2 protein chains.
Amino acid sequence: MKAKREALISLFHAIKEEKVDSDIIDLLLLINSIKGIYTTSSCSGRIGILEEPSLGAKPLSRWLIKVHRPMSFEEARDALKRAREGLIFLKSQPPIFHVVAETIENAKLVHEIGLASGFKYTTFKAISSRFLVEINGTEYLTVPLGKDGRIIASDEYLKFAISIGNKMLERGKSKLPRLRDNFEKIKKKLGEDPLFIQLKREILEI
Amino acid sequence: MKAKREALISLFHAIKEEKVDSDIIDLLLLINSIKGIYTTSSCSGRIGILEEPSLGAKPLSRWLIKVHRPMSFEEARDALKRAREGLIFLKSQPPIFHVVAETIENAKLVHEIGLASGFKYTTFKAISSRFLVEINGTEYLTVPLGKDGRIIASDEYLKFAISIGNKMLERGKSKLPRLRDNFEKIKKKLGEDPLFIQLKREILEI
């Protein structure tokens with residue numbers, strides 16, 4: 001369980017440094033407390049405005065604003081003032097969790113509850129010595145707003161698109177309580193991981 | 001191989017009835033000619049305008065226009081005249097293939113070449129007695145245009161969004177030749193399926 005140890009250490013440090021989306025800290029702690037599974041990168045769902053130097057140039061893109069709760073029109077308008085070069089997109093993305101399982105049986109359990117909790121795009125991303133399950137929704141919005149600092153979307157349109165993006169974000173997040181309940185059930189089945197308890201005490205001192 | 005037999009029969013009939021996207025017929029024939037794998041639903045990539053009665057009500061949504069090549073502004077404007085009720089979205093979607101493999105080894109091969117061909121969202125959708133690999137790209141655009149028959153996007157904005165959607169579509173489709181080459185390599189490894197030859201002759205009479 002060297003990999004889980006490392007994942008736990010980096011999770012606890014991220015929590016300590018307030019780098020984890022606050023609305024999923026409890027859920028991440030729950031998942032990682034279960035024997036035989038742990039999380040790698042996760043996001044609680046977000047909305048924001050992204051500037052991409054050119055189409056598909058994701059590694060070089062930068063967020064003008066990015067929040068994990070609904071975004072206001074005023075916030076968006078202010079952020080757009082910082083647009084300089086490349087394509088400007090409004091993006092809304094559902095919660096996403098990457099869960100590693102050590103056995104195929106556990107991976108199937110996680111996959112099953114992802115789907116059952118309403119995350120319709122839950123898949124196996126890797127099958128090898130370990131299994132990586134991605135719990136993902138379908139509530140993705142990608143809306144071009146302008147180019148090279150020039151906003152082509154009108155204020156009325158921008159308000160409309162943001163309202164749709166906010167609704168999709170809320171719809172995505174609304175499934176989190178059900179996911180939590182389902183992980184509680186898995187925990188009853190697989191048991192608590194003593195390594196989690198030990199490292200949590202050491203790093204978070206609680 | 002009862003499942004593959006049924007999949008082949010339905011594919012050949014769909015081709016005969018011209019229900020298969022013409023730009024991927026050759027690729028689908030190639031994949032299905034390989035021993036131990038076959039396709040279920042697939043799409044060559046498309047752009048169009050979708051009307052959804054309410055947010056997320058996918059089963060009740062209807063396409064006002066849907067094409068598997070770039071869409072013109074005029075086509076879109078004409079289609080928008082038919083908008084009546086619910087949310088109106090411009091959608092651009094990359095090619096997508098669902099490939100069933102009978103063994104985990106073959107599934108891993110297919111997964112590997114999906115990723116290697118540039119389809120970055122290639123995943124295992126199901127792991128059971130059979131393995132379902134989804135070969136999928138990341139070039140998704142979902143742009144709200146209006147509501148209840150009223151178009152909120154301006155003509156200038158619509159032109160801009162369509163040009164981005166068309167570019168994403170072309171970027172997605174540009175990976176198809178590489179995918180084809182990679183399936184040719186798999187075919188050399190796994191061999192040709194006699195069932196494919198037999199059913200193709202019977203149904204397509206060629």
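Residues numbered from 1 in each chain as written. Chains lettered and ligands numbered in written order. Predicted model: local features only at pLDDT ≥ 70, side-chain atom pairs only at ≥ 80, totals over all residues. Heavy atoms only, no water.

UniProt, in its Catalytic activity section for chain A, records the words "4-demethyl-7-[(3S)-3-amino-3-carboxypropyl]wyosine(37) in tRNA(Phe) + S-adenosyl-L-methionine = 7-[(3S)-3-amino-3-carboxypropyl]wyosine(37) in tRNA(Phe) + S-adenosyl-L-homocysteine + H(+)". For chain A, the Sequence similarities comment in UniProt is given as "Belongs to the TYW3 family." (UniProt positions renumbered as here; feature names shortened; annotations may be inferred.)

Further remarks concern the nonpolar core. If you look at the biggest cluster of nonpolar residues, it comprises 74 residues, and the most contacted ones within it are A:F97, A:I135, A:F183, B:F97, B:I135 and B:F183. Counting residues in each nonpolar core, the second largest holds 58 residues, with A:I164, B:I47, B:I65 and B:A153 among its members. (Core = buried A, V, L, I, M, F, W, Y, C linked by side-chain atoms within 4.5 Å. Buried < 20%, exposed > 50% of the residue type's maximum accessible area, 1.4 Å probe, protein only.)

So, on to the side chain of B:D21. Residue and element names in this part refer to chain B. Residue placement: D21 occurs in the loop between α1 (2-16) and α2 (25-32). It is K173 that comes nearest to the buried, bridge-free D21 among opposite-charge side chains, at 6.5 Å. One polar contact links the side chain of D21 to the main-chain amide nitrogen of S44, over a distance of 2.9 Å. Those residues within four positions of D21 in sequence are excluded, and the remaining contacts are C43, S44 and H68. (Helix = DSSP H or I, 4+ residues; strand = E, 2+ residues; numbered from the N terminus. Lys, Arg positive; Asp, Glu negative; His and termini not counted. Salt bridge = Lys/Arg side-chain N within 4 Å of Asp/Glu carboxyl O. Polar contact = N/O pair within 3.5 Å; in protein donor to acceptor, adjacent residues only side chain to side chain. Contact = heavy atoms within 4.5 Å.)

Here the focus is the interface of chain B and chain A. Counting residues at the interface gives 37 residues for chain B and 37 residues for chain A. Both faces combined, the contact of chain B with chain A buries some 3,100 Å², and carbon together with sulfur accounts for 63% of it. Area buried by chain B at its contact with chain A is led by B:L55, B:I127 and B:F160, which between them contribute 21% of it. At the junction of chain B with chain A, the criterion picks out 13 residue pairs in polar contact (both at pLDDT 80 or more). Every element with two or more residues in the side of chain B that touches chain A is listed here: β4 (87-93), α4 (104-116), β6 (123-127), β7 (131-136), β8 (141-147) and α5 (155-173) of chain B. (Buried area = accessible area lost by both parts, 1.4 Å probe.)

All right, on to the relation of the copies chain B and chain A then. For the pair of chain copies, the relating transformation is a rotation about an axis with a translation along it. Of the transformation superimposing chain B on chain A, the axial component is 0.0 Å and the angular component is 180 degrees, with the fit at an RMSD of 0.0 Å. Classification of the inter-copy transformation places it as that of a two-fold axis. Most of the interface of chain B is mirrored in chain A: 100% of its interface residues are interface residues there too. (Least-squares fit on C-alpha atoms with pLDDT ≥ 70 in both.)

Moving on: α1(B). Residue and element names in this part refer to chain B. Its 15 residues give α1 an end-to-end C-alpha distance of 21 Å, which sits within 8% of 21 Å, the value for a rise of 1.5 Å per residue. Residues K4, A7, L8, L11, F12, A14 and I15 constitute the buried set of α1. The buried residues of α1 occupy one face: seen down the axis, they fall within an arc of 160 degrees. Where α1 is buried, its residues touch α2, β1 (37-43) and α7 (194-204). Remark: E18 follows α1 within two positions and exhibits a positive phi of approximately 55 degrees. (Expected span 1.5 Å × (residues − 1). Arc of directions from axis to C-beta.)

Below, the discussion takes up the pattern of salt bridges. Following the criterion strictly, the structure yields 24 salt bridges over all chains and no others. A salt bridge links A:K125 to A:E134; the shortest N-O distance between them is 3.5 Å. With relative accessibility at 23%, the residue A:K125 sits in the partly exposed group. Salt-bridge contacts for B:D23 lead to B:K173; the nearest nitrogen and oxygen are separated by 2.9 Å. With a gap of 150 residues between them, B:D23 in the loop between α1 and α2 and B:K173 in helix α5 connect regions that are remote in the sequence.

In this fold, B:E134 is placed in strand β7. Judged by relative accessible area, B:E134 falls into the buried class, the value being 2%. A C-alpha to C-alpha distance of 5.4 Å links B:E134 and B:T123, two positions eleven residues apart in sequence. Residues in contact with B:E134, not counting those within four places in the same chain, are A:Y121, B:I96, B:F97, B:H98, B:Y121, B:T122, B:T123 and B:K125.

With that out of the way, let us pick up helix α2 (residues 25-32) of chain A. Residues and elements named next belong to chain A. Of all eight residues making up α2, seven are buried, and the element is well covered by its neighbours. Among all positions in α2, only I25, L27, L28, L29, L30, I31 and N32 are buried. Where α2 is buried, its residues touch α1 (2-16), β1 (37-43), β5 (96-101), α6 (176-190) and α7 (194-204).

Residue and element names in this part refer to chain A. Orientation of α1 relative to α7, taken along the N-to-C sense of each, is 35 degrees, at an axis distance of 10 Å. Note that α1 runs across α7; the crossing there is right-handed. Touching K4, R5, L8, I9, F12, H13, I15 and K16 of α1 are L195, F196, L199, K200, I203 and L204, all from α7. Tallied by class, the residues present in the contact of α1 with α7 amount to nine nonpolar, one polar and four charged. (Axes fitted to C-alpha atoms, helices over the stretch in contact; angles between N-to-C directions. Left-handed = near helix turned anticlockwise from the far one by under 90°. Nonpolar A, V, L, I, M, F, W, Y, C, P; charged D, E, K, R; others polar.)

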